[in-house]
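Each chain, written out:
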Amino acid sequence: MARPDHQLPTQLDRDLADLKLLEIAQGYRDVLDEAARKGSSMLEVLATLIGMEQTVRQQRALERRLRQARLPKQKTLADYDFAFPKRVPKTAIVRLFDCDFIPRHGCAVLIGPTGTGKTHILTALGYTACERGHSVCYTRVVDMLNHLTTAQINGRLAKALKTYVRPQVLLLDELGYLPIDKRGADLLFQVVAARYESGSIVLTTNRAFKDWGTVLDVDNTLATAMIDRLMHHGEAIIIQGKSYRMRDKDPDSDPDSDPPSA
């Protein structure tokens, strides 16, 4: 039985609330008034209302992904100074921002001296991936290992690992700046192994692959196994140059001699 006209708005508001179509509930009256003035078709009205709802939901989803990613201060690729490093593979870096590697569970390792913008690139990539609809987790390597170590000691390792295994993209920053003990090396390998061919990793480091064994508690076997998994469907992106932060300190000094090599 059809509802009396005077009951329609009230019942419609209830139905929209039950269906959680909150943007439509808030704006349908204005849309209908505008449609009446313009003589818009029913299809145009429907498309406008659904478009409003979809836009708001997409924005909320993006904000949720950004909160969950825990990225540092927002950076963009446009803000990265490709002219500063002595040598930087711009094509390879720009290609990363297409995010095509994510559905393929690809990986990348950004290798270069301190201050050459690796964290900038990593952070900007994280924001771009979130905008493309991918789930992201950013963490410094040392922070992740501290978290996992505490969880392991307290018998909650399995739950803690999910934080770093579930997201489609794991951004690991600053491998090699601090030494990693045996427990930490094993935990890092667990994360890399768990994500192998099931999720992407993009990692920054100031250490060449040949030095990873030293970083990982002098365990060359574990380092080799980790590199093998990262590079099977990944690439090493090597940046050469001196620190951007020191650009005004000694303008006549030469750039860093030889950068880390893969």
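Since the structure is predicted, the reported quantities are computational estimates derived from the model, not experimental observations. (Residues numbered from 1 in each chain as written. Predicted model: local features only at pLDDT ≥ 70, side-chain atom pairs only at ≥ 80, totals over all residues. Heavy atoms only, no water.)

With that settled, the discussion passes to the sheet that holds strand β5 (residues 234-238). Strand order across the open sheet formed by five strands is β2-β3-β4-β1-β5, with parallel pairing between neighbours. The sheet is open, and its two edges are formed by β2 (136-140) and β5, each paired on a single side. On average, adjacent strands in this sheet sit at an angle of 10° to one another, irrespective of strand direction. One ladder, built from five bridges, connects strand β1 (residues 107-111) with strand β4 (residues 200-205); its direction is parallel. Directly across from Ile-111, in β4, lies its bridge partner Thr-205. Across the face of the sheet, helix α6 (residues 141-153) comes into contact with β2 and β3 (169-175) while running at roughly 95° to β2. (Pairing = 2+ DSSP bridges. Helix = DSSP H or I, 4+ residues; strand = E, 2+ residues; numbered from the N terminus. Axes fitted to C-alpha atoms, helices over the stretch in contact; angles between N-to-C directions. Contact = heavy atoms within 4.5 Å.)

So, about the packing of aromatic side chains. Centre distance and the angle of the planes are the two values used to describe a pair of aromatic rings. Taken as a whole and assessed by the stated rule, the structure comprises two aromatic pairs. Note on Tyr-80 and Phe-82: the rings are 4.8 Å apart at their centroids and 80° apart in plane angle, and the pair reads as edge-to-face. Judged by relative accessible area, Tyr-80 falls into the buried class, the value being 8%. Between Phe-209 and Trp-212 the ring centres are 5.0 Å apart and the planes differ by 85°, which places this aromatic pair in the edge-to-face class. Trp-212 gets classed as buried once you look at its relative accessible area, which sits at 1%. Between Lys-90 and the ring centre of Phe-82, over which it is positioned, the NZ or CZ distance is 5.1 Å. (Phe/Tyr/Trp six-rings, centres within 6.5 Å; stacked < 30°, edge-to-face > 60°. Buried < 20%, exposed > 50% of the residue type's maximum accessible area, 1.4 Å probe, protein only. Lys NZ or Arg CZ within 6 Å of the ring centre and 35° of its normal.)

A few words now on the environment of Gly-213. For Gly-213, the position within the fold is in helix α9 (residues 212-215). The buried category is assigned to Gly-213, whose relative accessible area is 3%. A sequence separation of 28 residues divides Gly-213 from Ala-185, and the C-alpha atoms of the two residues are 9.7 Å apart. If we ignore the near neighbours within four places in the chain, the residues touching Gly-213 are Val-218, Asp-219, Asn-220 and Ala-223.

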